[in-house]
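Architecture at a glance
If you want the building blocks of each chain, they are given just below.
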Amino acid sequence: MSDFADNFRTLIDRRGWTQQQAADAIRVSQANVSRWLSQGHEPSADVLMRIAAVFHVSVDKLLRGPGPSLPSKRSATSTIVWPARWFRQLRSHWNKYPREHHRIETGIELAWPNQKEEIMKWLNQK
């Protein structure tokens, strides 16, 4: 199941809604809601914005997974939150293309300069 599906299901369950009630609230068919929850499909950007508005969450919150659990110097939990798909792709490329490590490191440094060291330690763990 996708991160979106997990997050969307949680929001529906917290309200105690059925799929039909959720569909009515965001003005889509129940079949669409079912596809999003069970088949890994994701809604279009305009529908994502409607879902976010109905449930009072950000689109970012709808799409993001919890990310890896990296130890932090400041606390037992990490402050890094990554989209799960991006993380899986990063991990895959890191293992698959060792000659490209310098490019991956550069991307990490540009995206998360303050967490680069922490991320690199995690990636280099076996």
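Just so we're clear, the structure is a prediction, and the values are computed from it rather than from any experiment. (Residues numbered from 1 in each chain as written. Predicted model: local features only at pLDDT ≥ 70, side-chain atom pairs only at ≥ 80, totals over all residues. Heavy atoms only, no water.)

**Overview of the pattern of salt bridges**
Where we set the bar: Whenever a carboxyl oxygen of Asp or Glu lies within 4 Å of a side-chain nitrogen of Lys or Arg, that contact is scored as a salt bridge. Here the term buried applies to any residue with accessible area under 20% of the maximum for its type, exposed to any over 50%, and partly exposed to those in between, with areas from a 1.4 Å probe on protein chains only.
Per the counting criterion, the structure on display carries 4 salt bridges. Here glutamate 100 makes a salt bridge to arginine 103, at a shortest N to O gap of 2.7 Å. Taking relative accessible area as the criterion, arginine 103 reaches 58% and is therefore assigned exposed.

**Looking at unusual backbone geometry**
To keep things clear, this is the line we draw: Runs of E in the DSSP output that reach at least two residues are strands. Runs of H or I that reach at least four are helices, and both are numbered from the N terminus.
You will see that arginine 27, though not glycine, has its phi angle at about 60 degrees, which is positive. Along the polypeptide, arginine 27 turns up in the loop between helix H2 (19-26) and helix H3 (30-38). Since its relative accessible area comes to 61%, arginine 27 is described here as exposed.

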